[in-house]
Amino acid sequence: MSLRTPLSEVRGHGSAKDGTHHWWVQRLSGVALIPLTIWFVFSVACMVGSDASLAATVVGSEYVKFSTWAAEPFNATCLILLVATSFHHAQLGVQVVIEDYIHGALRTPLLVAIKLLAVAFAVGGILAVLKIAL
Amino acid sequence: MSAQNRPLSPHLQVYRWQWSMAYSILNRATGMALAGGALFLFCWLTALASGAEEFTAVQNFAGSIIGRILLLGWTWSLFYHLVNGIRHLVWDSGRWLDLKSAEISGHISLALSIVLTIAVWALAYMV
């Protein structure tokens, strides 16, 4: 039996992982997503609803409507922020789920893959918005 | 606190079902669903950047029965995760941590998420 107290066993090793950083960034991105997602969902809902009959008759009018909307500087800015923050927040969440449920050899490759994929999709989404807007 | 006395995480097989537990699981499940939703957002934006033909294809999929079910699921997932996320922020501030408050705020989160989902879909269909 060790005579060391439990506290002395852990003291001096620092944080086991990344301290409160993951927790804090998760809250921060979550807070940012509150206005961004509400804006996005209600904007799209309003546009889907407007002139639905027109969309049925004129081919590509949906495309013109949405691309004109996405090209507005304010909308493009919000879309870029939405894409970047969504994939960042999603990566943080999926990471914790993998850490909780996946054990063994697959764990680390999955954690790496999720992080790289999140960045790739975020860059792709941002590029799409830039192409529409510029 | 010694290692033996630390609270154990719930084992689903032996734990009695409680509201707070169900709401917690739901938060994680909706979060995972929304990760899929983010992928659809990527597809939607990429299609919009690619041209009318590609965008129409994605819009047609979104308008199909499967597409509408998915979008409805994502809309509700978003609002549940959003409202429940605010509930988490309140907990982070040290408030509503007792069982009664956690249960009531959970019920409110679920109710609000349903109301907001109906509001968005009503807007989409009626405007």
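I will try to describe carefully the structure that is included in this document. Predicted, not measured: the structure shown is a model, and the values here were computed from it.

## Considerations on the packing of helix α1 (residues 19-50) of chain B against helix α3 (residues 65-92) of chain B
Residue and element names in this part refer to chain B. Running from N to C, α1 and α3 cross one another at 130°; their axes reach a closest spacing of 8 Å. The angle between α1 and α3 falls in the class oblique. For the crossing formed where α1 meets α3, the hand is left-handed. Residues Tyr23, Leu26, Asn27, Thr30, Gly31, Ala33, Leu34, Gly36, Gly37 and Phe40 of α1 form the contact with α3, whose own contacting residues are Leu71, Trp74, Trp76, Ser77, Leu78, Tyr80, His81, Asn84, Arg87 and His88.

## Brief notes about the interface of chain B and chain A
Between chain B and chain A, the contact holds 29 residues from the first and 40 residues from the second. Among the ionic pairs, aspartate 92 of chain B bridges to arginine 27 of chain A, the shortest N-O distance being 2.7 Å. On inspection of chain B and its partner chain A, the count reaches 5 residue pairs in polar contact (both at pLDDT 80 or more). For the side of chain B that touches chain A, the secondary structure elements donating two or more residues are α1, α2 (52-63), α3 and α4 (99-126) of chain B. For the side of chain B that touches chain A, the element with the most residues is α1 of chain B, which contributes 13 residues.

## Some remarks on α4 of chain B
For α4 of chain B, spanning 28 residues, the distance from its first C-alpha to its last is 40 Å, which sits close to the expected 40 Å at 1.5 Å a residue. Turning to α4 of chain B, its buried residues number three or more, namely Ala102, Ser105, Gly106, Ser109, Ser113, Thr117, Val120, Trp121 and Ala124 of chain B.

## Concerning the pattern of salt bridges
Residue and element names in this part refer to chain A. Taken as a whole, this structure holds 3 salt bridges over all chains when the rule is applied. Lysine 65 is paired through a salt bridge with glutamate 62; the nearest N and O atoms lie 3.3 Å apart. Of the two residues, lysine 65 and glutamate 62 are both situated in helix α4 (residues 61-71); the distance of 3 residues between them amounts to about one turn of the helix. With respect to burial, lysine 65 and glutamate 62 carry one shared label: buried.

## Describing unusual backbone geometry
Residues apart from glycine generally show negative phi values, whereas peptide bonds are mostly found in trans. Residues and elements named next belong to chain B. Unlike most non-glycine residues, tryptophan 96 shows phi in positive territory, near 60°. With respect to the element layout, tryptophan 96 can be found in the loop between α3 and α4. Owing to a relative accessible area of 44%, tryptophan 96 belongs among the partly exposed residues under this scheme.

## Side note on the nonpolar core
One recurring pattern in soluble globular proteins is that nonpolar side chains are buried together. Membership of the largest hydrophobic core comes to 40 residues, with the highest contact counts inside it found for Phe40, Phe66, Trp69 and Leu79 of chain A together with Trp44 and Leu45 of chain B. Residue assignment for this core shows that the elements contributing at least two residues are α2 (21-49), α4, α5 (73-101) and α6 (107-133) of chain A together with α1, α2, α3 and α4 of chain B. Tallying contributions element by element places α1 of chain B first for this core, with 10 residues. Those residues within four positions of phenylalanine 40 of chain A in sequence are excluded, and the remaining contacts are Trp69, Leu79 and Leu82 of chain A together with Leu41 and Trp44 of chain B.

## A word on the environment of valine 31 of chain A
Examined against the element boundaries, valine 31 of chain A turns out to sit in helix α2. Residues valine 31 of chain A and cysteine 46 of chain A lie 15 residues apart in sequence; the distance between their C-alpha atoms is 24 Å.

## Side note on the environment of glutamine 95 of chain A
All names here are of chain A. With respect to the helices and strands, glutamine 95 occurs in helix α5. The exposure class of glutamine 95 is buried, given its relative accessible area of 14%. In this structure the C-alpha to C-alpha distance between glutamine 95 and arginine 11, which are 84 residues apart in sequence, comes to 27 Å. Here glutamine 95 is in contact with His22 and Leu111, once residues within four sequence places are set aside.

Parameters at a glance
- Residues numbered from 1 in each chain as written.
- Chains lettered and ligands numbered in written order.
- Predicted model: local features only at pLDDT ≥ 70, side-chain atom pairs only at ≥ 80, totals over all residues.
- Heavy atoms only, no water.
- Axes fitted to C-alpha atoms, helices over the stretch in contact; angles between N-to-C directions.
- Helix = DSSP H or I, 4+ residues; strand = E, 2+ residues; numbered from the N terminus.
- Parallel < 35°, antiparallel > 145°, perpendicular 65-115°, else oblique.
- Left-handed = near helix turned anticlockwise from the far one by under 90°.
- Contact = heavy atoms within 4.5 Å.
- Salt bridge = Lys/Arg side-chain N within 4 Å of Asp/Glu carboxyl O.
- Polar contact = N/O pair within 3.5 Å; in protein donor to acceptor, adjacent residues only side chain to side chain.
- Expected span 1.5 Å × (residues − 1).
- Buried < 20%, exposed > 50% of the residue type's maximum accessible area, 1.4 Å probe, protein only.
- Core = buried A, V, L, I, M, F, W, Y, C linked by side-chain atoms within 4.5 Å.

These values are about where atoms sit, not about what they do.
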